[in-house]
Amino acid sequence: MNTTTRTSPVSRRGFLLGASALGTSGLLAGCLGSEGTPEETGTEQTGTDETSSEPSGPVTLQNSQSDPAPREALEALIGDYPGDAEINTVAIEQFRAQLSTYLTSANPPDVLTWYAGSVARDYAAEGLLLDVSDMWEGEGACANFSDALRELSSAEDGSQIFVPTNYYWWSIFYKKSAFEEWGVSAPETWEDFLALCEDLKGRGVSPLANGIGSTPWMASGWFDYLNLRINGAQYHRELLAGEHAFTDPEVEAVLEEYTKLIPYFDPNMASYSYQEAVTPMVQNESAMYLIGAFVTQFFPEDQRDDLDFFSVPPINPDVPSAEEAPTDGYFAASGTDNPEGTKELLAYLASAESQQTFIEISGSSNLPTHPDVDTSSFSPLVQKGIELLNSTEEITQFFNRDSSDALQATADDALTRFLADPSDIPGILEGWQAAAERVWDQ
Amino acid sequence: MPLIVWVFLLVPLVVEAFWVFWPAMNSFSLSFTRWNGIGAAEPVGLGNYQDLMSDPTFQTALRNNVIWVIGFGGLSVVIGLALAVLLNRPGRGIGLYRAAIYLPMVFSLAVTGLFWRVLYSPDGLVNFSLDSLGLGALERQWLADPDVALYAVLVAAVWRQVGYIMVLYLAGLKGVDPSLEEAAAMDGANRWQRFTRIVMPQLRSVNGVIFAVTVIDSLRTFDIVWAMTRGGPYNSTHLLSTYMFEQGFTLVNLGYGSAIAVVIFALAIVFIISYLVRSIRQED
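Residues numbered from 1 in each chain as written. Chains lettered and ligands numbered in written order. Predicted model: local features only at pLDDT ≥ 70, side-chain atom pairs only at ≥ 80, totals over all residues. Heavy atoms only, no water.

(A) Representation of the overall build of chain A within the structure. Counting its secondary structure elements, chain A contains 19 helices and 12 strands. With 442 residues in all, chain A has 59% of them scored as buried. Here the analysis covers contacts within chain A between residues at least 6 apart in sequence; of these, 76% occur between residues at least 24 apart. In the structure as shown, chain A presents an accessible area of about 17,000 Å², 48% of it carried by carbon and sulfur atoms. (Helix = DSSP H or I, 4+ residues; strand = E, 2+ residues; numbered from the N terminus. Buried < 20%, exposed > 50% of the residue type's maximum accessible area, 1.4 Å probe, protein only. Contact = heavy atoms within 4.5 Å. Areas by Shrake-Rupley, 256 points an atom, 1.4 Å probe, with all protein chains shown as cover.)

Given below as structure tokens:
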């Protein structure tokens, strides 16, 4: 948690939030809700306009990627930046909590790491994000990015507010050497997959790794994929947008299928985080892991080449193929006092060379968004990931990115409850729907 | 009055008003709105409080807070007092014991939480010890089991707090007049009678301090729960403070979070006022 390296002056609000993170008294906690009343924010926003005259000081990048490898990669990129820039890394939990404070403050960080999706669009609708449409035109840094990425990076009014720099795919990862040792191979059909799980369980191996302890959102990975395979991407998106109810028979069918997997999960999954769940897999005590390609960085270096993956096999042959490919990148605060410098930094981060450097240093298996990145030197695993995403008909992001963080909280509660005791699916879905309605009402 | 007295009175008052009362007032007004941190806050009247009434997680958090105040206060005071009495004697190595028991106090609650998370992990020391003692049936995933997770966190918090309570009581015991105890012994009082009738009444002022410290400490508990469980599994270990933090800062539901903060504030004020009233009466 303590990965904060503050280089910017601590504002009063930042101090209050920091104080709360350190767990101050109930009394102070009682006062924390006062973080910026509406009136106060109003004045701060006008304050922003007043200070937007002279660019001063370096362009700041507020970074939420605090895992060691991506953090190092980004720090190296900023170190090589020819202009004047500084980086400020904050643990993702705190970053998420403070994002609105960053953006509305009188002196916001210029560039911020974030994901494409609903949160970015909400902020754009409030006028808090810098319009970067010119970067998507003519000679702009993002002009050659794919149309899907452009769509993903656009606000509701059609302008672009996001600069995607890499994305990754979700799939079922496994170790080739372990599969060889057990004499099994990647399954083609859903029945084969269930049979493989049964086979592995018989050998005393946990077939499916997972970590839903301090990262309960990992329970949504399988929910997303089962929904994509049973009901299709269209239904999935509509469900997350509130156009269907979680009490629908379609969702019930997803949990019925999910029930079949429960005996195959690592029995300790409720105590692990998604990083910790890799340990038994390293030791061949668990076999397969449905997770994003970022998982490769948690394996020891000498095992990374041993990793392979297969896509979740089709269940309902009538739905188009779909994969999850969350996209990461940057947006900038509209309150920046140096829009030109900010866009220069964004263009630098989006360039083919920077993307290549980031992917190489971070050791992750993320894919570049820039079409000019030479991917031929990338590992076979990454090549296969590119192929997977190029051949699928539909692309989704992830539960919270396709919906919202608030809806994710309802999924965390419902799905971890379900995984602990799947006997009352209708009851769990009713509770989920009630919680989701409270979110949609807000 | 000389000017310097006014300065000493007014400066803290201004600081207090700006840093404590003004934000508290804002929190109060914010609790009648719905606000996600951007745009304008939308007034909803008592809506947040009505939602709290029907919010199952809030009820869990409120119940957990009661369990916490009783468990944390009760256990740490009883164990701390027992240790103080046990270690309030001269002897070789007694300082070492005292230091060892006080040692956890130097770690922050967040560090304590991380440390205990390792102990509680599925193949951690707690399960290993149970297994070695032949109590394998008691092994469980301590922090992932909603029936025991809150108590598992409570044990970690008490582990840290007892050293503090012990030191306070040790200081109090130093002020106990030994001649009274000797006189009672001469009159034939046994150890228990001497403790309850002679020693405890002399510790009354220390008890008052410890009561206030533990109640306030237990109401403000946040970091150890956040570090160990984040309110999970499925919201079963939320305290009011962690639920407030989650609503306010993870989900950026600031109006609703403020309403919870007001509830915490009200509870704390009730305890503090009743404590002040009691101690003022005692002084009279």
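Moving on from the model shown.
(B) Structural detail: the overall build of chain B. Per the secondary structure count, chain B includes 13 helices and two strands. The dimensions of chain B, computed from C-alpha atoms along their principal axes, are 75 × 70 × 30 Å. When burial is assessed residue by residue, chain B has 46% of its 284 residues classed as buried. Residue pairs at least 24 apart in sequence account for 68% of intrachain contacts in chain B once pairs closer than 6 positions are excluded. Carbon and sulfur atoms make up 69% of the accessible area of chain B, which amounts to about 15,000 Å² in all.

(C) Region of interest: the pattern of salt bridges. All names here are of chain A. Tallied over the entire structure, the rule returns 14 salt bridges over all chains. Between R401 and D328 there is a salt bridge, and its shortest N-O distance comes to 2.9 Å. Placement of the pair is R401 in helix α17 (residues 399-402) and D328 in strand β10 (residues 327-332), with a sequence separation of 73 residues. Both residues of the pair, R401 and D328, belong to the buried class. (Salt bridge = Lys/Arg side-chain N within 4 Å of Asp/Glu carboxyl O.)

(D) Seen up close, the sheet that holds strand β11 (residues 367-368) of chain A. Taken together, six strands build an open sheet; the order of strands is β2-β1-β3-β10-β4-β11 (chain A) and the sheet is mixed. Strand pairing shows two members of the sheet lacking a second neighbour, β2 (85-89) and β11 of chain A, which therefore form its edges. (Pairing = 2+ DSSP bridges.)

(E) The arrangement of the nonpolar core in detail. Grouped together as the largest cluster of nonpolar side chains are 113 residues, with contacts concentrated most on F193, W222, F223, Y258 and M288 of chain A. When residues of this core are assigned to their parent elements, the largest contribution, seven residues, is made by helix α10 (residues 219-230) of chain A. Counting residues domain by domain, this core receives three or more from each of domain 1 (3-167 + 326-391) and domain 2 (170-324 + 404-440) of chain A. L109, V153, I165 and V206 of chain B belong to the second-largest nonpolar core, a separate cluster that totals 39 residues. (Core = buried A, V, L, I, M, F, W, Y, C linked by side-chain atoms within 4.5 Å. Domains from an automatic or database assignment.)

(F) Region of the structure containing unusual backbone geometry. Residue and element names in this part refer to chain B. The phi dihedral of Y234 is positive, around 30°, even though this residue is not glycine. For Y234, the location among the structural elements is in the loop between α11 (223-228) and α12 (240-250). Judged by its relative accessible area of 18%, Y234 is buried. Phi is positive for N235, close to 60°, though the residue is something other than glycine. Within the secondary structure, N235 is located in the loop between α11 and α12.

(G) Region of interest: helix α16 (residues 380-391) of chain A. All names here are of chain A. In this model α16 runs 16 Å from its N-terminal to its C-terminal C-alpha over 12 residues, within 8% of the 16 Å that 1.5 Å per residue would give. Among the residues of α16, L381, V382, G385, I386, L388 and L389 are the ones counted as buried. Along the axis of α16, the buried residues cluster in a sector spanning 160°; they form a single face. Exposed side chains of α16 directed beyond 90 degrees from the buried face belong to P380, E387 and N390. Where α16 is buried, its residues touch β4 (163-167), β5 (170-175), β8 (307-310), β9 (322-324), β11 and β12 (394-396). (Expected span 1.5 Å × (residues − 1). Arc of directions from axis to C-beta.)

(H) Spatial organisation of helix α12 (residues 249-261) of chain A. All names here are of chain A. The end-to-end C-alpha distance of α12, which contains 13 residues, comes to 19 Å, matching closely the 18 Å that a straight helix rising 1.5 Å per residue would cover. Buried within α12 we find V251, V254, L255, E257, Y258 and L261. End-on view of α12: buried residues confined to an arc of 160°, all on one side of the axis.

(I) Expanded view of the confidence of the model for chain B. The predicted model of chain B averages 88 in pLDDT, with 99% of residues at 70 or higher. Here the predicted complex carries an ipTM of 0.77, next to a pTM of 0.80. (pLDDT = per-residue confidence, 0-100.)

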